[in-house]
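Structural description and commentary
The lines below spell out each chain.
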Amino acid sequence: MKMIVDSGSDLTLEQIKEHDFYFLPYGIVIDDESKVDQYEISNDEVLAAIKENKHPKTNQATMEQMTKVFTEVAEKKEKAIYLAFSSALSGTYQTACLVKEQIKDEYPDLDLTIYDTLSASMGLGKMILDVQDKINHDYSFEEIDEYIKNKLEKIRHLFTVKDLKYLASGGRLSKGQAFLGTLLNIKPLLHVEEGKLVPIEKYRGSKKLWHAIIEKMKNENSDYSDQTIYITHSDDLEEAEKIKELMVESLKPKDVNISDIGPVISSHTGSGTVAIFYYKE
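Going by what an unreviewed UniProt entry lists, the protein chain is known as DegV family protein and is assigned to Mammaliicoccus lentus. Database annotation for the protein chain, UniProt heading Function (unreviewed entry): "May bind long-chain fatty acids, such as palmitate, and may play a role in lipid transport or fatty acid metabolism."

1. Quick look at the side chain of Thr 117
With respect to the element layout, Thr 117 can be found in the loop between strand S7 (111-116) and helix H5 (121-136). Setting aside chain neighbours within four positions, we find Thr 117 in contact with Leu 83, Ala 84, Phe 85, Ser 86, Leu 124, Met 127 and Leu 152.

2. Some details on helix H10 (residues 237-250)
What sets the pattern is the α-helix's 3.6 residues per turn: residues three or four places apart point alike. A rise of 1.5 Å per residue sets the reference length of H10, with its 14 residues, at 20 Å; its end C-alpha atoms lie 20 Å apart and thus fit the reference within 8%. At the exit of H10 stands Lys 252, carrying a positive phi of roughly 50°.

3. With respect to the packing of aromatic side chains
By the definition in use, this model includes 3 aromatic pairs. Residues Tyr 224 and Tyr 278 carry aromatic rings whose centres are separated by 6.0 Å and whose planes lie at 65° to one another, so their mutual orientation is edge-to-face. Here the residue Tyr 224 occupies a position in the loop between helix H9 (206-220) and strand S11 (228-234), and Tyr 278 occupies one in strand S13 (residues 273-279), the gap between them amounting to 54 residues. Neither residue differs from the other here; Tyr 224 and Tyr 278 are each classed as buried.

4. A closer look at the nonpolar core
Counting residues in hydrophobic clusters, the biggest one holds 59 residues, and the most contacted among them are Ile 4, Phe 70, Tyr 82 and Leu 83. No other element matches H5, which puts 7 residues into this core. Setting aside anything within four residues of it in sequence, one finds Tyr 82 in contact with Ile 4, Val 5, Asp 6, Leu 24, Phe 70, Thr 92, Ala 96, Leu 112, Thr 113, Ile 114 and Tyr 115. If you look at the next biggest cluster of nonpolar residues, it comprises 19 residues, including Tyr 224, Val 256, Ile 276 and Tyr 278.

5. Digging into the packing of helix H3 (residues 63-75) against helix H4 (residues 92-106)
Following both chains from N to C, one finds H3 and H4 inclined at 50°, their axes separated by 9 Å at the closest point. The orientation of H3 with respect to H4, classified from their angle, is oblique. Crossing handedness for the pair H3 and H4: right-handed. Touching Met 63, Met 66, Thr 67, Phe 70, Thr 71 and Ala 74 of H3 are Thr 92, Thr 95, Ala 96, Leu 98, Val 99, Lys 100, Gln 102 and Ile 103, all from H4. Grouping the constituent residues of the contact of H3 with H4 by class yields 8 nonpolar, 5 polar and 1 charged.

Reading the values: the criteria
- Residues numbered from 1 in each chain as written.
- Predicted model: local features only at pLDDT ≥ 70, side-chain atom pairs only at ≥ 80, totals over all residues.
- Heavy atoms only, no water.
- UniProt positions renumbered as here; feature names shortened; annotations may be inferred.
- Helix = DSSP H or I, 4+ residues; strand = E, 2+ residues; numbered from the N terminus.
- Contact = heavy atoms within 4.5 Å.
- Expected span 1.5 Å × (residues − 1).
- Phe/Tyr/Trp six-rings, centres within 6.5 Å; stacked < 30°, edge-to-face > 60°.
- Buried < 20%, exposed > 50% of the residue type's maximum accessible area, 1.4 Å probe, protein only.
- Core = buried A, V, L, I, M, F, W, Y, C linked by side-chain atoms within 4.5 Å.
- Axes fitted to C-alpha atoms, helices over the stretch in contact; angles between N-to-C directions.
- Parallel < 35°, antiparallel > 145°, perpendicular 65-115°, else oblique.
- Left-handed = near helix turned anticlockwise from the far one by under 90°.
- Nonpolar A, V, L, I, M, F, W, Y, C, P; charged D, E, K, R; others polar.

What follows is the structure, encoded as structure tokens:
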């Protein structure tokens, strides 16, 4: 069983190669020049452009990329699973379903299951890595399908940004909210609901925010000893380390993994973002 992944998962090229995933990279456009995620542009380059007041744009994986990968799956007679980036944030899932049906015209035995995860960043990446672990332990497709559907209901995304203006400029928040946040040191807590970005609360300063996150996580799961919590950040390792320390002390998870937000997601969130991903009970 093989897995197909895309840029919305925030998995690094190293992780993709390590697990032998099929990869559908997105395009990132800066100054009218499009570059392929992971292969032609790094996270540092995206953040540098943002600091120069540029607003990188992203293009979803193309039909040509999908056709190549899905055809290879068909020709090799592999069973494949594609956990796709949220359909509420990208057209990738819909395009993948369309391409799958086109490929099946020539290869009717194509064995590909595509899931709309309604997830992003390492919320999606965490599920991919956990599913791959099940594949490595010889779970059947039926067992993995049940596992995926269960985890899609339980995956949680929490995140905050240092400056709300960037999200506002991309249409994620109103300019009024952005101004208030910058002026009063308001730290927003946001999450992904039905695949869309939704604000939950606002806090005065990081310390109150981090403690609120810990309390929310305690309310959603009484035992984290069997799961790895993922923290991602864009140019804010210091804050990521602070929340990790609180989590280790308060939640006692199996592990806490800190990584960079990838180029595609950073293009939309800007710098100074910290995000947390875990399963509720």
